[in-house]
Amino acid sequence: MSKKLSIIIPVYGVEEYIEEFILSIINQLKPEVELIIINDGTNDRSIEIVKEIIKNYDLDIQDCFLFLEQYNQGQSVARNNGLKKATGEFIGFLDPDDIVYPTYISSLIDTINKNPSVDVI
């Protein structure tokens, strides 16, 4: 099923920050959004932390997550691998040390829906 929005997130060595990032975005997720988490060969518990958090949410939320694995090749390669798997009509990029506003997803979706010819937000 294709999505309206795919958000690609490369993960490497962000164990200290990733919980706060995921908690800032997880309650905003809707079935039309996918978060593509790319493990860029991290040696810490970043990916396990994300998986531990999302298992406490309904399947509708869990289904918004796609996990990819790769050997450490850097952020650019991770993002490009995420692009290959993305099904969204629109693509966004975030980093796991970001914290997003509580209306981040709804603002993006509203802008997309109100401006059908938009290419870049």
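Residues numbered from 1 in each chain as written. Predicted model: local features only at pLDDT ≥ 70, side-chain atom pairs only at ≥ 80, totals over all residues. Heavy atoms only, no water.

Colleague: Would you mind going over the packing of aromatic side chains with me for this structure?
Modeller: Geometrically, a pair of aromatic rings is defined through the distance of the ring centres and the angle of the planes. Taken as a whole and judged by the stated rule, the model has one aromatic pair. With 6.2 Å between their ring centres and 15° between their planes, F65 and F67 make a pair best called stacked. Judged by relative accessible area, which is 24%, F67 ranks as partly exposed. The ring of F67 is capped by K51, whose NZ or CZ atom sits 5.0 Å from the centre of that ring. (Phe/Tyr/Trp six-rings, centres within 6.5 Å; stacked < 30°, edge-to-face > 60°. Buried < 20%, exposed > 50% of the residue type's maximum accessible area, 1.4 Å probe, protein only. Lys NZ or Arg CZ within 6 Å of the ring centre and 35° of its normal.)

Colleague: I'm lost on the environment of F65 in this one. Help?
Modeller: Tracing the backbone through its elements, the reader meets F65 in strand 3 (residues 65-70). Accessibility expressed as a relative area gives 10% for F65, which makes it buried. Sequence separation between F65 and G88 is 23 residues; the distance between their C-alpha atoms is 13 Å. Leave out the neighbours within four places in its chain, and F65 touches I22, I26, L29, L35, I37, V50 and I54. (Helix = DSSP H or I, 4+ residues; strand = E, 2+ residues; numbered from the N terminus. Contact = heavy atoms within 4.5 Å.)

Colleague: For this particular structure, what's the right way to read the layout of surface pockets?
Modeller: Sizing a probe to match a water molecule and rolling it over the atoms shows the empty space that remains. What the largest pocket holds in volume is close to 160 Å³. Lining the largest pocket are L5, F90, I91, G92, L108, I112, D119, V120 and I121. Listing elements by their share of the lining of the largest pocket, those giving two or more residues are strand 4 (88-93) and helix 5 (104-114). For the lining of the largest pocket, the element with the most residues is strand 4, which contributes three residues. In the lining of the largest pocket, the residues fall into seven nonpolar, one polar and one charged. (1 Å grid on protein atoms, 1.4 Å probe; cavity = no way out; pocket = protein on both sides within 12 Å on 5 of 7 lines; lining within 4 Å. Points joined across faces, edges and corners; volume = space filled by probe spheres on them. Nonpolar A, V, L, I, M, F, W, Y, C, P; charged D, E, K, R; others polar.)

Colleague: Looking at this structure, I do not really get the pattern of salt bridges. What am I missing?
Modeller: Pairing is possible between side chains of opposite charge, provided their charged atoms come close. Under the definition given, this model contains three salt bridges. K4 is the salt-bridge partner of E89, the closest N and O atoms lying 4.0 Å from each other. With a gap of 85 residues between them, E89 in strand 4 and K4 in strand 1 (residues 3-11) connect regions that are remote in the sequence. Among the ionic pairs, R45 bridges to E52, the shortest N-O distance being 2.5 Å. With a relative accessible area of 37%, E52 lands in the partly exposed category. (Salt bridge = Lys/Arg side-chain N within 4 Å of Asp/Glu carboxyl O.)

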